Amino acid sequence: MSCENCGGGCCSGCGQELLLTEAELALLRRLGETPFLPAAASYDRKVPVYLEDRERPREECAAAILGLAEKGLARLDYDIPLENFDYAAYRDFPLHGSVALTGRGQDVLEQIEIQGIEE
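Rules and cut-offs
- Residues numbered from 1 in each chain as written.
- Predicted model: local features only at pLDDT ≥ 70, side-chain atom pairs only at ≥ 80, totals over all residues.
- Heavy atoms only, no water.
- pLDDT = per-residue confidence, 0-100.
- Contact = heavy atoms within 4.5 Å.
- Core = buried A, V, L, I, M, F, W, Y, C linked by side-chain atoms within 4.5 Å.
- Buried < 20%, exposed > 50% of the residue type's maximum accessible area, 1.4 Å probe, protein only.
- Helix = DSSP H or I, 4+ residues; strand = E, 2+ residues; numbered from the N terminus.
- Pairing = 2+ DSSP bridges.
- Axes fitted to C-alpha atoms, helices over the stretch in contact; angles between N-to-C directions.
- Polar contact = N/O pair within 3.5 Å; in protein donor to acceptor, adjacent residues only side chain to side chain.
- Salt bridge = Lys/Arg side-chain N within 4 Å of Asp/Glu carboxyl O.

Asker: Teacher, can you tell me more about the confidence of the model for the chain here?
Answerer: Where the model shows low pLDDT, its predicted coordinates should not be examined in detail. The predicted model of the chain has a mean per-residue pLDDT of 88, with 84% of residues at 70 or higher. In this model, residues 1-15 is a region of pLDDT below 50 whose contacts with residues beyond four sequence positions or in other chains number 22 contacts.

Next up, the structure:
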C-alpha cells in the first residue's frame, strides 16, 4: 500500500505499510460490497458481535472489526443501528449498532483493486 506522502503512486520506502489479517481483509471487502453491517455488544462495549459471517468464529470477527477500526478503515458505532435490519439474532446483546466503511477504508480498497496485495 502507498501512504499519503506518495501521492497515490507506488510507495518507495517510507516504511508505512498496512498489515491486515485475513479476517480483516475479508471484512474490509465485505464492507466494500455492503458499506454498513450490523454489530452488537454488551453494555461494556468491549467486544463487538457480528453474526453474519458463518465461516469465522465470533471472536475472529470481533478482532477483525476492532482491527479495522483501530486502523481507521471502519467505524464501529453502537449508537447507529441499521434501519430495517432484523436484529433478532442479536437479541442476547443489548446494544445494536453498525460497522461502516470509512473514507480511508474506501481508499485502501481501491488501492488493493489497482495494485493488488502482497501476502
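Asker: Sorry if this is basic, but what is going on with the nonpolar core here?
Answerer: Inside soluble globular proteins, nonpolar side chains tend to come together where they are buried. Membership of the largest hydrophobic core comes to 27 residues, with the highest contact counts inside it found for Leu-27, Leu-28, Leu-31, Tyr-50, Leu-68 and Tyr-90. For this core, the secondary-structure elements that each account for two or more residues are helix H1 (22-33), strand E1 (36-41), helix H2 (58-70), strand E3 (95-101) and helix H3 (103-115). Ranked by the residues each element gives to this core, the list is headed by H1, at 5 residues. Once residues within four sequence positions are removed from consideration, Leu-31 is found in contact with Leu-37, Leu-68, Ala-74, Val-99, Ala-100 and Leu-101.

Asker: Mind showing me how you'd approach the environment of Ile-65 here?
Answerer: Along the chain, the position of Ile-65 falls in helix H2. A relative accessible area of 2% places Ile-65 in the buried class. Taking the C-alpha atoms as reference points, Ile-65 and Val-47, separated by 18 residues in sequence, lie 9.3 Å from one another. Apart from the residues within four sequence positions on either side, Ile-65 is in contact with Leu-27, Pro-48, Tyr-50, Leu-76 and Val-99.

Asker: I would appreciate a short explanation of the sheet that holds strand E2 (residues 74-77) in the present structure.
Answerer: Pairing between the strands of a sheet comes from backbone hydrogen bonds, and it takes one of two forms, parallel or antiparallel. Taken in spatial order, the 3 strands line up as E1-E3-E2 in an open sheet, and their pairing is antiparallel. Both outer strands of the open sheet, E1 and E2, are each paired with one neighbouring strand and no more. Put simply, the sheet's adjacent strands are angled 25 degrees from each other on average, direction ignored. Where E2 meets E3, 4 bridges bridge the pair, whose relative direction is antiparallel. Opposite Ala-74, over in E3, you have Leu-101 as the bridge partner.

Asker: Help me understand the side chain of Ser-98 in this model?
Answerer: Take Ser-98: it is sitting in strand E3. What makes Ser-98 buried here is its relative accessible area of 5%. There is a polar contact of 2.7 Å between the side chain of Ser-98 and the backbone oxygen of Ile-80. Not counting the four nearest positions on each side in its chain, Ser-98 is found in contact with Leu-37, Pro-38, Ala-39, Arg-75, Leu-76, Asp-77, Ile-80 and Leu-82.

Asker: How do you make sense of the pattern of salt bridges when you look at a structure like this?
Answerer: Two side chains that carry opposite charge are able to pair once their charged atoms sit near each other. Under the counting rule described, the total for this entry stands at 6 salt bridges. A salt bridge links Arg-56 to Glu-60; the nearest nitrogen and oxygen atoms lie 3.2 Å apart. In this structure Glu-60 comes out as partly exposed when scored by relative accessible area, which is 33%. Asp-77 serves as the salt-bridge partner of Arg-75, at 2.9 Å between the closest nitrogen and oxygen. We classify Arg-75 as exposed; its relative accessible area is 51%. Exposure remark for Asp-77: the relative accessible area of 11% places this residue in the buried category. Where salt bridges share partners, they join Glu-22, Asp-53, Arg-56 and Glu-60 into one cluster.

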